[in-house]
Every structure is written in C-alpha cells, then in structure tokens.
Amino acid sequence: MKTENTAGKINQLLTEQFAIDYGCSVIDFCCKETLVTELHPNEQARKREEPGILSMLSYRGKLVIAAVPELMDWSRSVLAKHCSAEWCFEAGALISIDRKLQEFGYEIDQAHLFFTPRSTIPAPVHPVRFLHSAEIAELEDDERIDEAFLFEDYIEDVLGAAIYDDAETLLAVAGATANSERMWEMGVNSFAEGKGYAISVLSALTQEILNQGKVPYSGTAISHLASQNVSLRAGLFPTFCELTTKKSER
C-alpha cells in the first residue's frame, strides 16, 4: 500500500471490513442514515475475546448498530431514534445503553476512539528493530507489556517494532495483532518518558503494516490524551469510534 494513496485505500478496506463485522453491505455506507442490523457470528469478522450482544460503530458520519435479536426492537426504537454518529458516546447515551445491557447480564466493554494513517508516515527518529513470532514469544513473561501484545490463543500477535539500548534493555515496543484479513490492531508500551520512543516504534510499525497491504489502526479511551497524542505524532488520525460489550462482572 503506497503511502501517497493511503487515505483512499484505507477507506475502501475499512468499509469492506465494517460491512463484514456489522452484517451489512459496502453500499450501506454510501448514505448517512443510521443502520440497525442483527448481530451474527462471522469467521471473517474482526476477532474479539467474546462476541457480546451489541456493537456500535461511528464512521464517516454514519452510525451502525448491530444487536442480538433480543435487542433489535430497542435498538431501532431507542438507539437509532435518539443517537447519532456524532453524539452516540455522550455520557447520557452510554449510561442508558449500559442500563439496558444489564437486563441481559452484559455491560459496555469499550467505547474507544480509533486512529488510522491518512498521509505520509514520519520516519522514526530512533533505530527500530522489527520483531516476528519467535522474538515476540520471548517477551511474554515481561509483565510491563500490557498493550503491545495480547499473548492470547484466540488471536495472533504477528509483528512488533522495538527499541533497545546498547545493553539490550527494551525501551519501547509496539505490536500488531491480526484480528482480521484487512485490519491489524496496534498497541504500544514505552518504558522511558519524554524520549519519543513510543512515536518511533508506532510510526515504524505503521509503515511496515502498510507495506504488507493491511490497515494499521490503534484505539484508546476518549480520555487518554497522552495515547492520542502519540498516535497523532506517529501519523495516525481519528477515523472511527466503536462500542463493544461483554458479560457483566458486577
């Protein structure tokens, strides 16, 4: 994927993947009208640890809601009527959604903002070493790494980018998980503040994923400004918001 054509190609791949994830068609994204679909398992959808009973996507001004049959009527009469792509993650909306989910023993898992590259990716300012399966596996016992890799059976950690000092001490690492054919999700851990290491590993990893024809993306909480600033400085920009659900732990 050439960087000068990044935006158009990424929009195409994202739309194709979201159509699979949300059980609709690519054509459905040509209009801004809110769409409610029935949530069905799909082996080509992005991998999640548990499927949940409700997902919501805000992408390019369109809101798509996927719900299990028990939530379809409520999703159409309440969510689709009172929520929009721009305001669906406001506090009042999230409270209302979580209360409804509790009736079924579920709760909101994440309501995150996601970033993708839109233009030329800045070159890393520090030397970066790429990591593959064997090197990634060696890091599993490093308890500091809680974002870069998942180390879970349901999903594969496929690529990493790391910075080491002269003594081979790990200073920062970014990792990618292959949670769909089109999209690889990234995470970052940095162990030295103010050096720009996180930006270097994230930008290097982003470019390498683009070179492999995949969409690199990273997500974070709406309030996690430090993480958002790292993404922005690494050449990633806000692209979509998504809400997912899980079984309640309350």
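Here's the deal with the environment of Thr177
Along the chain, the position of Thr177 falls in strand S7 (residues 170-177). The buried category is assigned to Thr177, whose relative accessible area is 5%. It is 5.6 Å that separates the C-alpha atoms of Thr177 and Val158, two residues lying 19 residues apart in sequence. Those residues in contact with Thr177 that sit more than four places away from it in its chain are Leu150, Ile155, Glu156, Asp157, Val158, Met183, Trp184 and Glu185.

Let's talk about the pattern of salt bridges
Applying the stated criterion across every chain yields a total of ten salt bridges. The partner of Lys246 in a salt bridge is Asp109, and the shortest N-O contact between them spans 4.0 Å. A residue pair is termed long-range when its members are at least 10 positions apart, and Lys246 in strand S10 (residues 236-247) and Asp109 in strand S4 (residues 106-117) qualify at 137 residues. When its relative accessible area of 37% is taken as the criterion, Asp109 is described as partly exposed. One salt-bridge network, in which partners are shared between bridges, spans Asp21, Arg46, Arg48 and Glu242.

A short note on a negative patch on the surface
On the surface, Glu49, Glu50, Glu140, Asp141, Glu143, Glu152 and Asp153 cluster together into a negatively charged patch. Tracing the backbone shows Glu143 in the loop between helix H4 (133-137) and strand S6 (157-164).

Considerations on the nonpolar core
The biggest cluster of nonpolar side chains holds 66 residues, and the ones touching the most others in it are Leu54, Met56, Ile97 and Phe240. In contact with Leu54, not counting residues within four places along its chain, are Leu39, Ile65, Ala66, Ala67, Leu71, Ser75, Leu79, Ile97, Leu101, Leu243, Thr244 and Thr245. Formed by nine residues, the second largest nonpolar core is a distinct cluster that contains Ile136, Phe149, Ala162 and Val173.

Describing the environment of Val26
Along the chain, Val26 falls in the loop between helix H1 (6-21) and strand S1 (35-38). Along the backbone, Val26 and Glu16 are ten residues apart, and their C-alpha atoms lie at a distance of 5.9 Å. Among residues more than four places away in sequence, those in contact with Val26 are Thr15, Glu16 and Ala19.

Overview of helix H2 (residues 69-82)
Helix length check: H2 (14 residues) gives 20 Å between terminal C-alpha atoms against 20 Å at 1.5 Å per residue, within 8%. At Ser75, H2 is deflected by roughly 55°, the largest bend along its length.

Description of the sheet that holds strand S9 (residues 215-221)
Overall, mixed pairing links the ten strands, which are arranged S1-S3-S2-S10-S4-S9-S8-S7-S6-S5 in an open sheet. Strand pairing shows two members of the sheet lacking a second neighbour, S1 and strand S5 (129-131), which therefore form its edges. In this sheet, adjacent strand axes meet at a mean angle of 25° when their direction is disregarded. As defined by bridge partners, S5 adjoins S6 across three bridges and the pair is classed as antiparallel. From the neighbouring strand, Phe130 faces S6, where its bridge partner is Ala161.

Some points on the state of the cysteines
All told, the structure shown has zero disulfides when counted by the stated rule. Among the cysteines around Cys83, which has no disulfide bond, Cys88 carries the closest sulfur, lying 6.5 Å off.

Topic: the pairing of strand S3 (residues 62-67)
Within S3, six of the six residues are buried, leaving the element largely enclosed by the surrounding structure. Here S3 shows no split at all, with Lys62, Val64 and Ala66 on one side and Leu63, Ile65 and Ala67 on the other all buried. Direction of pairing for S1 relative to S3: parallel, over a ladder of four bridges. Residue pairing in the sheet places Val36 in a bridge with Ile65 of S3. Note: strand S2 (residues 54-59) against S3, six bridges, orientation antiparallel. By the bridge assignment, Ser58 is partnered in S3 with Leu63. If you look at the hairpin formed by S2 and S3, you'll find two residues sitting between the two strands, and Arg60 has a positive phi there, around 55°.

Description of the packing of aromatic side chains
Considering all chains together, one arrives at seven aromatic pairs under this definition. Between Phe18 and Tyr59, the ring centres sit 5.1 Å apart and the planes meet at 75°, which makes this aromatic pair edge-to-face. Placement of the pair is Phe18 in helix H1 and Tyr59 in strand S2, with a sequence separation of 41 residues. The pair formed by Phe18 and Tyr59 is uniform in burial state, with each residue classed as buried. Here the aromatic rings of Phe114 and Phe240 are separated by 4.7 Å at their centres, their planes lie at 10°, and the arrangement is stacked. You can see Phe114 sitting in strand S4 and its partner Phe240 sitting in strand S10, a full 126 residues away along the chain. A residue is classified by how much of its surface remains accessible, and Phe240, at 1% relative accessible area, is buried. Connected via pairs of aromatic rings, a cluster forms that spans Phe18, Phe29, Tyr59, Phe114, Tyr217 and Phe240. Here the basic side chain of Arg144 rests over the ring of Phe191, its NZ or CZ set 3.8 Å away from the ring centre.

The rules behind the values
Residues numbered from 1 in each chain as written. Predicted model: local features only at pLDDT ≥ 70, side-chain atom pairs only at ≥ 80, totals over all residues. Heavy atoms only, no water. Helix = DSSP H or I, 4+ residues; strand = E, 2+ residues; numbered from the N terminus. Buried < 20%, exposed > 50% of the residue type's maximum accessible area, 1.4 Å probe, protein only. Contact = heavy atoms within 4.5 Å. Salt bridge = Lys/Arg side-chain N within 4 Å of Asp/Glu carboxyl O. Patch = residues over 30% accessible without salt bridge, like charges linked within 9 Å, V, L, I, M, F, W, Y side chains within 5 Å. Areas by Shrake-Rupley, 256 points an atom, 1.4 Å probe, with all protein chains shown as cover. Lys, Arg positive; Asp, Glu negative; His and termini not counted. Charge placed at Lys NZ, Arg CZ, Asp CG, Glu CD. Core = buried A, V, L, I, M, F, W, Y, C linked by side-chain atoms within 4.5 Å. Expected span 1.5 Å × (residues − 1). Bend = angle between axes of the 7 residues up to and from the residue. Pairing = 2+ DSSP bridges. Axes fitted to C-alpha atoms, helices over the stretch in contact; angles between N-to-C directions. Disulfide = S-S within 2.5 Å. Phe/Tyr/Trp six-rings, centres within 6.5 Å; stacked < 30°, edge-to-face > 60°. Lys NZ or Arg CZ within 6 Å of the ring centre and 35° of its normal.

Keep in mind these numbers describe shape, not what the thing actually does.
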